[in-house]
Amino acid sequence: MSGFAFQSAGSLEEALAVLARTEGETRIVAGGTNVVPAIRDGRQPPALLLDISRLDGLRGLREEKGKLWIGALTTLAELAASPLLAERAPALYQAANSFADPNTRGRATVAGNITNASPGADMAPPLLVLEAEVFLTGPAGHRSLPLREYLTGPFRAALTRDEIVTHLTISPQVHSAFIKIGLRRAMAISVATVAVALEKATDGAVTACRIAFGALGPTALRAPQAESVFLGRQPDSALFAAAAAAIAGDIQPRDGLRGTREYRLSAAGAILERAFSLAYYKEA
Amino acid sequence: MILRLLLNGKPVTTTIRPEQTLLSVLRENLGYTGAKEGCGVGECGACTVILGQRAVKSCTVLAAQCEGASVRTVEGLAQDDRLHPLQQAFIDHNAVQCGFCTGGFLLTAVALLERDPHPSRREIQEAISGNLCRCTGYVQIIDAIAACAAGEGSGEGQ
């Protein structure tokens, strides 16, 4: 006996009821691109595998009250093909298009990517700079929290064992961009990623600036010191050099298989300049 | 538990373990060994099949989630003695060497051409970016898919 069990939920209520009454390990499965390899490697102990992939109410991407509503089960392929996202939130659109390969994107879901909470999760930096709010449902009702509070550590998210992510909302920002460094262009775990979202005045001065890095700390991180460098200024090479220097106070890159600490620190400054320029010069 | 699939157009039923992958069910339960296990973790694409309308890496798909679904494998591409136009194009362009990755490339390409019958060369490259070949390189494979899309050797678009 393997000790695994499987149940497919026909409704959100049913899924929540299963989570509430099941003793022992339960693992929610949607696309399976993280969970299934974990089972193979023995990283996932025997559990009830609760399939939520048939909950079609948790799918979709639409504009709602000035924000974008993104269902938890929306696949990265759907994000990567969305004209709405391309126009209103290029950072997230670009990140979806740089994630893995098209076939994996067809299975992987946006909530799965952030709930797996890999330090290098590709969706996390763009969602951080687009001020994503994560909406959860559990036995006590609904709650929501900013993504930066949802990501609590490497492979840890603030999801309790009886809760399900239903959707995210983001504040669209046309002046936004994402850059990823991987060992190759497809199927690459990130070595370093950055997302930028900004606002600028008619004279070109930056009036709001949000920067987040991935794979450069225990979770994806906002970079407040680098952000403050740009405020009230127009970007030029001196400003980019100052921002690159400020990054060292924001991120904690580590030596790893995919890059050294020194390389990552230096690369972070380079990709910040590229992403910032893309966001800044993007025509609204 | 019982799993029912529409496999290459035919209904099949098999008993599976809850944690089995679609790849494992195809190979071990049903004897369809055209999908290969390369890496086993979704990186190489040798296990690619078409689930519904989309090419997927069957080693990262939980079989139990496929109840009632349509699955197409490389075994279902040829009709009687006639190869699928993409299979013929792969032969014509020398896009096969050891063959281990070929089924996966074919199914990724079938799904691509069903979605977009006339992809650009760049779109073909992007579509196959999650399928690895360690023998031929990729030029012949891209040539084969592009030729098939152009109707060459397929009996279409003449």
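Before reading on, note that the structure itself is shown above.
The structure contained in this document is the topic of the report that follows.

Basis of the calculations
- Residues numbered from 1 in each chain as written.
- Chains lettered and ligands numbered in written order.
- Predicted model: local features only at pLDDT ≥ 70, side-chain atom pairs only at ≥ 80, totals over all residues.
- Heavy atoms only, no water.
- Helix = DSSP H or I, 4+ residues; strand = E, 2+ residues; numbered from the N terminus.
- Rg over C-alpha atoms; globule rule 2.2 N^0.38 Å.
- Buried < 20%, exposed > 50% of the residue type's maximum accessible area, 1.4 Å probe, protein only.
- Contact = heavy atoms within 4.5 Å.
- Lys, Arg positive; Asp, Glu negative; His and termini not counted.
- Charge placed at Lys NZ, Arg CZ, Asp CG, Glu CD.
- Buried area = accessible area lost by both parts, 1.4 Å probe.
- Salt bridge = Lys/Arg side-chain N within 4 Å of Asp/Glu carboxyl O.
- Polar contact = N/O pair within 3.5 Å; in protein donor to acceptor, adjacent residues only side chain to side chain.
- Axes fitted to C-alpha atoms, helices over the stretch in contact; angles between N-to-C directions.
- Parallel < 35°, antiparallel > 145°, perpendicular 65-115°, else oblique.
- Left-handed = near helix turned anticlockwise from the far one by under 90°.
- Nonpolar A, V, L, I, M, F, W, Y, C, P; charged D, E, K, R; others polar.
- Pairing = 2+ DSSP bridges.
- Phe/Tyr/Trp six-rings, centres within 6.5 Å; stacked < 30°, edge-to-face > 60°.
- Lys NZ or Arg CZ within 6 Å of the ring centre and 35° of its normal.

Moving on, we come to the overall build of chain B. Along the backbone of chain B there are five helices and five strands. Scaling as 2.2 N^0.38, a compact globule of 158 residues should have a C-alpha radius of gyration of about 15 Å, and chain B matches this with 15 Å. Expressed along its principal axes, the backbone C-alpha trace of chain B runs to roughly 45 × 30 × 25 Å. Sorting the 158 residues of chain B into buried and exposed places 51% on the buried side.

All right, on to the overall build of chain A then. Of regular secondary structure, chain A possesses twelve helices and 14 strands. In terms of overall dimensions, chain A is globule-like: its C-alpha atoms have a radius of gyration of 19 Å, near the 19 Å expected for 284 residues. If you line up chain A on its principal axes, its C-alpha atoms span 65 × 45 × 35 Å. A total of 284 residues make up chain A; the buried ones form 58% of that total. Once local pairs closer than 6 in sequence are excluded, the contacts in chain A between residues at least 24 apart make up 60%. Within chain A, one finds 29 positive and 27 negative side-chain charges whose respective centroids are separated by 4 Å.

Our next topic: the interface of chain A and chain B. Every contact between the two is made by 31 residues of chain A and, on the other side, 32 residues of chain B. When chain A packs against chain B, the two sides together hide about 2300 Å² of surface, and 53% of this comes from carbon and sulfur. As a salt-bridge pair, A:Arg105 and B:Glu126 come within 2.6 Å of each other at their nearest N and O atoms. On inspection of chain A and its partner chain B, the count reaches twelve residue pairs in polar contact (both at pLDDT 80 or more).

Residues and elements named next belong to chain B. Contact geometry of helix 2 (residues 85–92) with helix 3 (residues 102–115) gives a least axis separation of 10 Å together with a crossing angle of 125°. As judged from the angle between their axes, helix 2 and helix 3 are oblique. As helix 2 runs across helix 3, the sense of the crossing is right-handed. On helix 3, the residues touching Leu86, Gln87 and Phe90 of helix 2 are Thr102, Phe105, Leu106, Ala109, Val110 and Leu113. The residue inventory of the contact of helix 2 with helix 3, partitioned by class, reads seven nonpolar, two polar and no charged.

Further remarks concern the pairing of strand 2 (residues 10–15) of chain B. Remember that side chains alternate between the two faces of the sheet whenever the strand is regular. All names here are of chain B. In the sheet, strand 1 (residues 2–7) pairs with strand 2 via six bridges, with the strands oriented antiparallel. Its bridge partner being in strand 2, Leu7 is matched across the sheet by Lys10. Between the end of strand 1 and the start of strand 2, which pair antiparallel, lie two residues, with Asn8 showing a positive phi angle near 50°.

Quick look at the environment of B:Cys135 now. Residues and elements named next belong to chain B. Tracing the sequence through the fold places Cys135 in the loop between helix 4 (121–127) and helix 5 (139–149). On the basis of relative accessibility, which here comes to 36%, the residue Cys135 falls in the partly exposed class. Cys135 has contacts with Gln97 and Cys98, leaving out every residue within four places of it along the chain.

Moving on, we come to the packing of aromatic side chains. Counted by the stated rule, this structure contains six aromatic pairs over all chains. Judged by centre distance (4.0 Å) and plane angle (15°), the rings of A:Phe230 and A:Phe276 are stacked. Of the two residues, A:Phe230 is situated in helix 10 (residues 224–230) and A:Phe276 in helix 12 (residues 261–281); the sequence distance between them amounts to 46 residues. Classification of A:Phe230 by relative accessible area gives buried; the value is 0%. Under the relative-accessibility criterion, A:Phe276 is labelled buried at 0%. When the centroid spacing of 6.2 Å and the interplanar angle of 55° are considered together, the rings of B:Phe105 and B:Tyr138 count as tilted. With B:Phe105 in helix 3 and B:Tyr138 in the loop between helix 4 and helix 5, this residue pair connects regions lying 33 residues apart in the sequence. Under the relative-accessibility criterion, B:Tyr138 is labelled partly exposed at 30%. Feature note: the residues A:Phe230, A:Phe240, A:Phe276, A:Tyr280 and A:Tyr281 constitute an aromatic cluster, connected by ring pairs. The positively charged end of A:Arg62 is found above the aromatic ring belonging to A:Trp69, 3.9 Å away from the centroid. A cation over an aromatic ring shows up here: A:Lys200 above the ring of A:Tyr280, its NZ or CZ 4.0 Å from the ring centre.

Purely geometric stuff here, so don't read any function into it on its own.
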